[in-house]
Amino acid sequence: MSSSTSVRTARRRTVRVAAAALVAAAGLTLTACAGSDAADARSAGRTNTGSAASESTASGWSGLQSTGAKADVLGKQSGGAHVAKAASPVRTQRLADGISKAEIYRLGDQHYRAKIVARGSVLATLETKGHDDGLDANDMFVTLTLDGQVHSWMGGGHQGPGTFKLAGGWTAKVTKVGELRYRAQIIGHDGVAATLETNQHDAGLDANGIYIVLSSGGVISAHA
């Protein structure tokens with residue numbers, strides 16, 4: 001082979017190698033671009049998915065918040081009405097000691113609550129639910145009747161057990177039946193008309209306009 005032929009052959013080989021190198025480089029560039037595009041696409045997909053999820057989550061929270069708001073409104077319109085009624089007293093009444101007062105709330109038919117308040121503090125609560133209620137507050141006696149009437153008076157208590165004459169011609173037979181538990185039979189001309197019983201809670205009664213309280217300590221008092 002002549003030297004010129006060898007030179008041409010070498011040039012062709014060089015050209016082929018260079019071309020192959022260029023093709024390889026182009027292939028790598030294309031692969032890199034494709035990989036970059038795919039990564040971008042994947043990234044975009046993740047971003048879009050995340051955005052969608054965020055929007056979905058935000059929408060879900062918004063929905064829950066709206067549902068809660070609706071439920072709250074519905075509650076105020078239905079069962080919450082009783083709460084709204086109970087939020088403010090139907091009236092406030094000064095009690096016999098001249099210091100405390102009764103805040104009276106209507107909770108339903110023949111269902112009332114009276115908070116005994118003095119100097120901004122609630123000292124006790126009376127509630128009627130199928131029966132009258134009563135309280136001995138340091139020798140001030142208070143009754144709350146089924147129709148929401150509050151009556152209070154000072155003193156006049158009798159310490160049971162025993163039998164005692166009460167206002168209005170009633171007689172009370174008080175017996176002890178347990179710890180902080182007393183029973184009082186309210187006796188009239190025709191026998192036992194009513195029974196009061198304490199179970200760690202004072203009891204009260206409206207006996208035809210005679211108001212009677214039996215304390216958990218066995219003290220009974222009545223007032224017309």
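Our subject is the structure that appears above.
Notes on the structure in this doc start here.

What counts as what
- Residue indices follow the written sequence of each chain, beginning from 1 at its first position.
- A pLDDT threshold of at least 70 governs which residues receive local features in this predicted model, and a stricter bar of 80 or more applies before side-chain atom pairs are shown or counted, although totals over entire chains, interfaces and linings include all residues.
- Processing note: side-chain calculations cover all non-hydrogen atoms of the structure and skip hydrogens and water entirely.
- Helix and strand assignments come from DSSP, with helices taken as H or I runs of at least 4 residues and strands as E runs of at least 2, each series counted from the N terminus.
- Classification of residues uses two cut-offs on accessible area relative to the type maximum, computed with a 1.4 Å probe and protein chains only: under 20% is buried, over 50% is exposed, and between them is partly exposed.
- In this description, contact between two residues means that some pair of their heavy atoms is separated by no more than 4.5 Å.
- For the area figures, the Shrake-Rupley method with a 1.4 Å probe applies, and any residue is considered shielded solely by the protein chains shown.
- Any two strands are treated as partners once DSSP identifies two or more bridges connecting them.
- To get an axis, a line is fitted to the C-alpha atoms, and for a helix only the part in contact is used. The angle between two axes follows their N-to-C directions and goes from 0 to 180 degrees.
- Grid spacing is 1 Å over the protein atoms alone, the probe is 1.4 Å, and a cavity is where that probe fits but cannot get out, while a pocket is an open set with protein on both sides within 12 Å along at least five of seven lines and lining residues have an atom within 4 Å of a point.
- Grid points are joined across faces, edges and corners, and a volume is the space filled by probe spheres set on the points.
- The classification used treats Ala, Val, Leu, Ile, Met, Phe, Trp, Tyr, Cys and Pro as nonpolar, Asp, Glu, Lys and Arg as charged, and all other residues, Gly among them, as polar.
- Salt bridges are defined as contacts in which a side-chain nitrogen from Lys or Arg sits within 4 Å of a carboxyl oxygen from Asp or Glu.

## Some thoughts on the overall build of the protein chain
The helix and strand tally for the protein chain stands at two helices and 15 strands. Out of the 224 residues belonging to the protein chain, those deemed buried represent 27%. In the protein chain, the proportion of contacts linking residues at least 24 apart, taken out of those at least 6 apart, comes to 32%. With the model as given, the accessible surface of the protein chain reaches about 13600 Å², and the carbon-plus-sulfur share is 55%.

## Details of the environment of Ala 118
Looking at the secondary structure, you find Ala 118 in strand S3 (residues 111-118). Between the C-alpha atoms of Ala 118 and Ser 100, which are 18 residues apart in sequence, the distance is 4.4 Å. The contact partners of Ala 118, leaving out residues within four places of it in the chain, are Ser 100 and Leu 123.

## Brief notes about the pairing of strand S6 (residues 140-144)
Taking burial as the measure, the five residues of S6 include five buried ones, the bulk of the element. Burial along S6 is two-sided: the residues Met 140, Val 142 and Leu 144 and Phe 141 and Thr 143 are all buried. Sheet topology note: the strand S5 (residues 133-137)/S6 ladder contains five bridges and is antiparallel. Its bridge partner lying in S6, Leu 135 is registered against Val 142. Where S5 hands over to S6, the hairpin turn is made up of two residues, of which Asn 138 adopts a positive phi near 55 degrees. With five bridges connecting them, S6 and strand S7 (residues 150-154) associate as antiparallel partners. Within the sheet, the bridge partner assigned to Met 140 lies in S7 and is Met 154. Counting the residues in the hairpin turn of S6 and S7 gives five residues, including Gly 148, whose phi is positive at 85 degrees.

## A short note on the side chain of Thr 198
Assignment of secondary structure puts Thr 198 in the loop between strand S12 (191-197) and strand S13 (203-207). Given a relative accessible area of 0%, Thr 198 falls into the buried group. Sequence-distant contacts of Thr 198, defined by excluding residues within four places in its chain, comprise Leu 180, Arg 181, Tyr 182, Ala 203, Leu 214, Ser 215 and Ser 216.

## Details of the sheet that holds strand S4 (residues 121-127)
As a general point, the strands of a sheet are linked pairwise by backbone hydrogen bonds and lie either parallel or antiparallel. Taken together, four strands build an open sheet; the order of strands is S1-S2-S3-S4 and the sheet is antiparallel. One side of each edge strand has no neighbouring strand; the edge strands of this open sheet are strand S1 (91-94) and S4. The mean inter-strand angle of the sheet, taken between neighbouring strand axes irrespective of direction, is 25 degrees. Here seven bridges tie strand S2 (residues 101-108) to S3, and the two strands are oriented antiparallel to one another. Bridge pairing in S3 places Lys 101 opposite Val 117.

## Quick word on the layout of surface pockets
There is about 190 Å³ of room inside the largest pocket. Taken together, 16 residues make up the lining of the largest pocket; nearest its centre are His 131, Asp 132, Asp 133, Ala 203 and Gly 204. Secondary structure elements with two or more residues in the lining of the largest pocket: S4, S12 and S13. Here the residues of the lining of the largest pocket sort into four nonpolar, seven polar and five charged. The computed volume of the second largest pocket comes to approximately 150 Å³. Mapped onto the lining of the second largest pocket, the elements with two or more residues apiece are S4 and S5.

## Looking at the sheet that holds S6
Taken in spatial order, the three strands line up as S5-S6-S7 in an open sheet, and their pairing is antiparallel. The open sheet has two free edges, formed respectively by S5 and S7, since each of these has just one partner strand. Recorded for the sheet is a direction-independent mean angle of 15 degrees between the axes of neighbouring strands.

## A word on the pattern of salt bridges
A complete count under the given rule lists four salt bridges for this structure. For Glu 127, the salt bridge identified is with Arg 113, shortest N-O distance 3.1 Å. With Glu 127 in strand S4 and Arg 113 in strand S3, this residue pair connects regions lying 14 residues apart in the sequence. Looking at Glu 127, the relative accessible area reads 25%, which means it is partly exposed. Taking relative accessible area as the criterion, Arg 113 reaches 26% and is therefore assigned partly exposed.

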